[in-house]
Amino acid sequence: MALERLFRRRRAQGEARDIPELWVKCPKCDAQIYKKDLETNLHVCPKCEHHLRLSADKRIAMLADAGSFEQITGLKPTDPLGFVDTEPYPKRLERYQKEAGRPDAIVGGRCTIGGIESVLLVMDYAFAGGSMGSVVGEEITRGIELAAQENRAVVIVSVSGGARMQEAALSLMQMAKTTLALDRLWAQKLPYISILTDPTTGGVTASFAAIADVILAEPGALIGFAGPRVIKQTIRQDLPEGFQRSEFLLKHGMVDQVVDRRRLKETVARILKLLHPRTVNHAG
Amino acid sequence: MPLEFEKPIEELEAKIAELEGFATSSGVDLSGELQVLRERLAQLKSETFGNLSRWERVQLARAPGRPTTLDVIGGIMSEFVELYGDRTYGEDPAVVGGLARFEGTSVVVVGHQKGRDTKENIRRNFAMPHPEGYRKAMRMMDLADRFGRPFIAFIDTPGAYPGVSAEERGQAWVIAQSIQRMARLRVPAIAIILGEGGSGGALAIGVGNRVLILENAWYSVISPESCAAILWRDAKEAAKAAEALKLSAPDLLSLGIVDRIIPEPSGGAHRDPATTLSNIKQALQATLAELAGLGPEQLFEDRYRRFRGLGRYQV
Ligand SMILES: [Zn+2]
């Protein structure tokens with residue numbers, strides 16, 4: 001590739017300043033990937049197919065039909081416990097908000113997916129590692145309730161290190177709240193697809209993410225209840241190869257399919273069309 | 001073995017006992033001295049137990065001799081028939097469940113079970129369930145619904161077990177399912193936190209119409225030690241983490257996470273289990289009476305509303 005040669009020559013000349021703009025290194029195979037190639041390939045490494053982390057905004061652009069997304073989220077977090085560790089929670093929140101460019105670790109809205117009226121909720125790893133506190137729980141719950149009211153399907157993309165410690169038991173309660181909300185959806189036979197991406201662990205996995213009608217996982221994603229570090233400390237043994245990865249979960253019967261990101265939208269759209277009550281008479 | 005902050009009390013109690021013994025055997029009148037010591041003991045107790053830090057409460061919640069689920073079932077219920085197994089994979093001794101009679105009413109019970117000694121603790125995996133335990137709990141919920149019996153859950157776990165086999169068999173999946181199953185009950189559901197309420201592993205059987213907590217029990221999204229290890233990078237800072245997490249019964253009551261605190265005898269449940277059991281019995285009776293007027297759908301809606309309202313945010 002001509003550009004790759006150009007890049008090599010520049011680096012050889014000590015002009016490495018173009019690297020952050022033009023090239024990305026694959027964290028798995030170390031290949032230098034031209035950034036535009038990576039974008040068009042939905043952040044999947046063209047060399048080794050490793051799925052790099054995708055921002056929440058790109059997720060939405062990838063899944064929602066073009067121009068259909070209308071944001072519904074925007075609640076702001078508070079500091080209900082006056083939590084202080086090495087720094088006060090409000091200071092952390094300020095930093096997270098700056099880093100992620102949104103008030104908390106979730107963004108969602110109405111949209112169509114393959115023409116099916118849906119509510120799409122996407123967690124954002126850039127905000128505190130996608131941790132779930134009151135705001136994430138409330139937005140998920142409201143999104144599900146809205147879908148139930150407006151006869152929409154629900155698609156949730158999870159990425160989360162777990163529940164947010166700084167809201168302690170209130171974070172824990174979000175697991176119950178979000179799980180309970182799904183009953184409102186199911187009472188009206190509206191489909192819910194849960195998409196698990198790297199990483200999905202802790203309280204998010206052990207609530208709404210694990211009890212969807214259909215659960216899809218991206219290849220190679222870390223998915224589980226306890227984090228691997230905690231498990232290793234507990235059992236004092238090395239963990240088996242591929243442990244808690246998507247393919248491991250597929251093998252153990254916990255997910256319906258491991259889907260390559262480049263086929264994710266068509267897969268989601270197909271399932272929604274097959275399940276959504278409104279499409280029942282449109283077969284063929 | 002006394003807890004660290006109990007030591008001065010135990011020492012003084014031993015000294016009083018020794019002096020009493022001496023007075024009896026020697027016939028020497030020590031009533032004046034004994035009176036002074038007893039007053040000092042009463043003062044020491046009220047100073048120690050009246051101002052417990054959150055971290056001290058956590059230690060009381062874990063104290064050996066604190067009533068376990070089976071102690072409570074045995075102490076306040078009758079005709080207990082324990083039911084084993086998950087009908088899928090195995091029997092998990094970290095969770096017990098079955099049928100019992102409480103004040104004339106037949107009920108279905110389930111709870112995390114700690115061991116009463118080291119050997120039993122190992123057998124019961126320190127009350128840290130595998131997926132089988134939660135499937136057993138869900139089976140009990142099915143029974144409660146089918147026969148219209150109140151469902152009583154006792155919570156006392158450091159957390160669901162973080163291990164390879166637990167992950168292989170879908171620990172997160174069964175916790176989510178158990179939360180959902182309990183939410184769907186059409187009978188009165190009451191959860192009582194006896195000791196430790198460790199995160200999702202506790203919540204899995206904590207979706208009650210009412211959630212009660214013993215005065216010194218704790219309930220949080222993470223244990224103080226694990227929280228300290230992550231946020232302070234040192235598990236020894238657990239006392240600070242316990243304060244920050246606001247995991248004590250009064251904190252939880254003010255946040256609406258629990259509905260009622262069951263008082264413990266001075267110094268904690270382990271110092272007087274009989275009084276503790278009688279307090280649990282009274283609270284359970286009162287709570288069942290509160291729910292007695294609600295029909296199946298009302299119970300479901302009541303529980304939904306209870307959990308729907310939890311969370312703090314700004315619009
Ligand atoms: Zn690669």
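Each chain carries its own residue numbering, running from 1 in the written order of its sequence. Just so you know, chain letters begin at A and ligand numbers begin at 1, following the order they were written in. Reporting in this predicted model follows two pLDDT cut-offs: at least 70 for local features of residues, and 80 or more for side-chain atom pairs to be given and counted; totals over whole chains, interfaces and linings ignore these cut-offs and use all residues.

Taking an unreviewed UniProt entry as the reference, chain B is identified by name as Acetyl-coenzyme A carboxylase carboxyl transferase subunit alpha belonging to Meiothermus taiwanensis. Entered under Subunit (unreviewed entry) in the UniProt record, the comment concerning chain B runs "Acetyl-CoA carboxylase is a heterohexamer composed of biotin carboxyl carrier protein (AccB), biotin carboxylase (AccC) and two subunits each of ACCase subunit alpha (AccA) and ACCase subunit beta (AccD)." UniProt positions are given in the numbering used here, feature names are shortened, and annotations may be inferred rather than shown by experiment. As its UniProt record puts it under Catalytic activity (unreviewed entry), chain B is described as follows: "N(6)-carboxybiotinyl-L-lysyl-[protein] + acetyl-CoA = N(6)-biotinyl-L-lysyl-[protein] + malonyl-CoA".

The name recorded for chain A in an unreviewed UniProt entry is Acetyl-coenzyme A carboxylase carboxyl transferase subunit beta, from Meiothermus taiwanensis. According to its UniProt record, chain A has this under Subunit (unreviewed entry): "Acetyl-CoA carboxylase is a heterohexamer composed of biotin carboxyl carrier protein (AccB), biotin carboxylase (AccC) and two subunits each of ACCase subunit alpha (AccA) and ACCase subunit beta (AccD)."

Caption draft 1: Representation of the domain arrangement of chain B within the structure. Note that the domain bounds were set by an automatic or database domain assignment. Taken domain by domain, chain B holds domain 1 (4-20 + 30-51) and domain 2 (64-308). The straight-line distance from the C-alpha centre of domain 1 of chain B to that of domain 2 of chain B is 35 Å.

Caption draft 2: Broad picture of the sheet that holds strand 10 (residues 257-258) of chain A. All names here are of chain A. Pairing within the open sheet is mixed, and its seven strands lie in the order 3-5-6-7-8-9-10. On the outer flanks of this sheet lie strand 3 (70-71) and strand 10, each paired with one strand and no other. For two strands to count as paired, DSSP must find a minimum of two bridges between them. In this text, helices come from DSSP runs of H or I with a minimum length of four residues, and strands from runs of E with a minimum of two, each type numbered from the N-terminal end. Where strand 5 (residues 106-113) and strand 6 (residues 116-123) come together, eight bridges link them in antiparallel fashion. Residue pairing across strands places isoleucine 113 opposite isoleucine 116, the latter belonging to strand 6. Once C-beta atoms have been placed from the backbone, residue pairs whose C-beta atoms lie within 7 Å are recorded as contacts. Axis definition: a line fitted to C-alpha atoms, limited for helices to the stretch in contact. Angles are taken between N-to-C directions and run from 0 to 180 degrees. The strands that helix 4 (residues 56-63) touches are strand 5, strand 6 and strand 7 (153-160); relative to strand 6, the one it contacts most, it runs at about 160°.

Caption draft 3: Main features of unusual backbone geometry. The omega torsion of the bond from A:Asp198 to A:Pro199 falls at -10°, within 30 degrees of zero and hence cis. On the secondary structure map, A:Pro199 appears in strand 8 (residues 192-200). Positive phi, normally seen in glycine, also occurs at A:Lys189, with a value near 55°. Checked against the element boundaries, A:Lys189 lands in the loop between helix 7 (168-186) and strand 8. Here the C-beta atoms are placed from the backbone, and a residue counts as buried if at least 20 other C-beta atoms lie within 10 Å of its own, exposed if 12 or fewer do, and partly exposed otherwise. By the C-beta count within 10 Å, which is 12 here, A:Lys189 ends up exposed. In this structure, B:Glu79 takes a positive phi of about 55° despite not being glycine.

Caption draft 4: Just helix 5 (residues 89-100) of chain A, in detail. Residue and element names in this part refer to chain A. Compared with an ideal rise of 1.5 Å per residue, which puts 12 residues at 16 Å, helix 5 spans 16 Å between its outermost C-alpha atoms and is within 8% of the ideal. Buried within helix 5 we find Tyr89, Leu93 and Tyr96. For helix 5, the buried positions fall inside an angular range of 65° around the axis, keeping them on one side. Counted as exposed and oriented over 90 degrees from the buried face of helix 5: Lys91, Glu94, Lys98 and Glu99. Contact partners of the buried residues in helix 5: strand 4 (76-77). Two residues or fewer after helix 5 comes glycine 101, characterised by a positive phi angle close to 70°. Take the number of residues in a helix, subtract one, and multiply by 1.5 Å to get its expected span. Directions pointing from the helix axis toward each C-beta atom define the arc.

Caption draft 5: Fine view of the UniProt feature "zinc finger region: C4-type" (unreviewed entry) in chain A. As annotated in UniProt, the feature "zinc finger region: C4-type" (unreviewed entry) corresponds to residues 26-48 of chain A in the numbering used here. Counted over residues 26-48 of chain A, helix gives 26% and strand 13%. Its end C-alpha atoms are 9 Å apart.

Caption draft 6: Region of the structure containing the UniProt feature "binding site: Zn(2+)" (unreviewed entry) in chain A. Residues and elements named next belong to chain A. In the UniProt entry, the feature "binding site: Zn(2+)" (unreviewed entry) is given for Cys26, Cys29, Cys45 and Cys48. Maximum C-alpha separation among the annotated residues is 8.6 Å over a sequence range of 23 residues, consistent with a single clustered spot. One can find cysteine 26 in the loop between strand 1 (23-25) and strand 2 (32-34). For cysteine 26, a count of 18 C-beta atoms within 10 Å puts it in the partly exposed group. Beyond its immediate chain neighbours, meaning those up to four positions away, cysteine 26 contacts Ala31, Ile33, Cys45, Lys47, Cys48 and His50. Turning to its location among the elements, cysteine 48 is positioned in the loop between helix 3 (35-40) and helix 4.

Caption draft 7: The arrangement of the UniProt feature "domain: CoA carboxyltransferase C-terminal" (unreviewed entry) in chain B in detail. Sequence positions flagged by UniProt for "domain: CoA carboxyltransferase C-terminal" (unreviewed entry) are, in local numbering, residues 29-290 of chain B. Summarising residues 29-290 of chain B: 47% helix, 19% strand, and an end-to-end C-alpha distance of 54 Å.

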